[in-house]
Amino acid sequence: MNKQEIKAKLYEILEDIKDETNFDENAPLISDGVLDSLELINYLTQIEEEFGFEVSMEDLEEHKLGVIVNMVEFLANKL
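Described below are features of the structure shown in this document. None of the values given here were measured: they were computed from a predicted structure.

Structural notes on the overall build of the protein chain
For the protein chain, the helix and strand inventory stands at four helices and zero strands. For the protein chain, the C-alpha radius of gyration of 11 Å lies close to 12 Å, the compact-globule estimate for 79 residues. Expressed as lengths along the three principal axes of its C-alpha atoms, the size of the protein chain is roughly 30 × 25 × 20 Å. When contacts within the protein chain are restricted to residue pairs at least 6 apart in sequence, those whose partners lie at least 24 apart make up 58%. In the form shown here, the protein chain has an accessible surface area of approximately 4800 Å², with 45% of it arising from carbon and sulfur atoms. When the 6 basic and 20 acidic side-chain charges of the protein chain are each reduced to a single mean position, those positions are 5 Å apart.

Quick word on the pattern of salt bridges
If you walk through the whole model with that rule in mind, you get five salt bridges. With a closest N to O distance of 2.4 Å, E25 and K7 form a salt bridge. In this pair, E25 sits in the loop between α1 (3-17) and α2 (37-51) while K7 sits in helix α1, placing the two residues 18 residues apart along the sequence. Judged by its relative accessible area of 23%, E25 is partly exposed. With a shortest N-O distance of 3.7 Å, K9 and E50 are connected by a salt bridge. Placement of the pair is K9 in helix α1 and E50 in helix α2, with a sequence separation of 41 residues. For E50, a relative accessible area of 38% translates into the label partly exposed.

Considering helix α4 (residues 68-78)
Looking at α4, one finds that the buried residues are I68, M71, V72, F74 and L75. Along the axis of α4, the buried positions cluster into a sector of 165 degrees, meaning they face one direction only. Against α1, α2 and α3 (57-62) lie the buried residues of α4.

Here we look at the packing of α1 against α4
Across the interface, α1 lies against α4 with an axial gap of 9 Å and an inter-helix angle of 125 degrees. Classed by the angle they form, the pair α1 and α4 counts as oblique. The element α1 and its partner α4 pack so that their crossing is right-handed. Residues K3, I6, K7, L10, Y11 and L14 of α1 form the contact with α4, whose own contacting residues are I68, M71, V72, E73, L75 and A76. Taken together, the residues that form the contact of α1 with α4 break down as nine nonpolar, no polar and three charged.

Reading the values: the criteria
- Residues numbered from 1 in each chain as written.
- Predicted model: local features only at pLDDT ≥ 70, side-chain atom pairs only at ≥ 80, totals over all residues.
- Heavy atoms only, no water.
- Helix = DSSP H or I, 4+ residues; strand = E, 2+ residues; numbered from the N terminus.
- Rg over C-alpha atoms; globule rule 2.2 N^0.38 Å.
- Contact = heavy atoms within 4.5 Å.
- Areas by Shrake-Rupley, 256 points an atom, 1.4 Å probe, with all protein chains shown as cover.
- Lys, Arg positive; Asp, Glu negative; His and termini not counted.
- Charge placed at Lys NZ, Arg CZ, Asp CG, Glu CD.
- Salt bridge = Lys/Arg side-chain N within 4 Å of Asp/Glu carboxyl O.
- Buried < 20%, exposed > 50% of the residue type's maximum accessible area, 1.4 Å probe, protein only.
- Arc of directions from axis to C-beta.
- Axes fitted to C-alpha atoms, helices over the stretch in contact; angles between N-to-C directions.
- Parallel < 35°, antiparallel > 145°, perpendicular 65-115°, else oblique.
- Left-handed = near helix turned anticlockwise from the far one by under 90°.
- Nonpolar A, V, L, I, M, F, W, Y, C, P; charged D, E, K, R; others polar.

Below you can see the structure in the form of C-alpha cells.
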C-alpha cells in the first residue's frame, strides 16, 4: 500500500468517525478539536484493525500521530 492509499484510508476512517470532510492533513486532530478523546480511541482502533498492528500511546506521542501526514509516514514505514 502506497502513501496515497494510506492517506485515503485514513480520511475514510476519519469521515466514518466524524461527518466532516475538511480535515487538514497538517493540523493536530486533538488540539484543533477535530477529535475528542473517545473519537481518538475509535480512530486508533480502526487503524489497528485496518492495518493489522497496534499503535501504542507512546507511538502516538513520540511520532505526533495525531497529525494525518505523520500517521501516513508512520504507517508507510510499518508496512
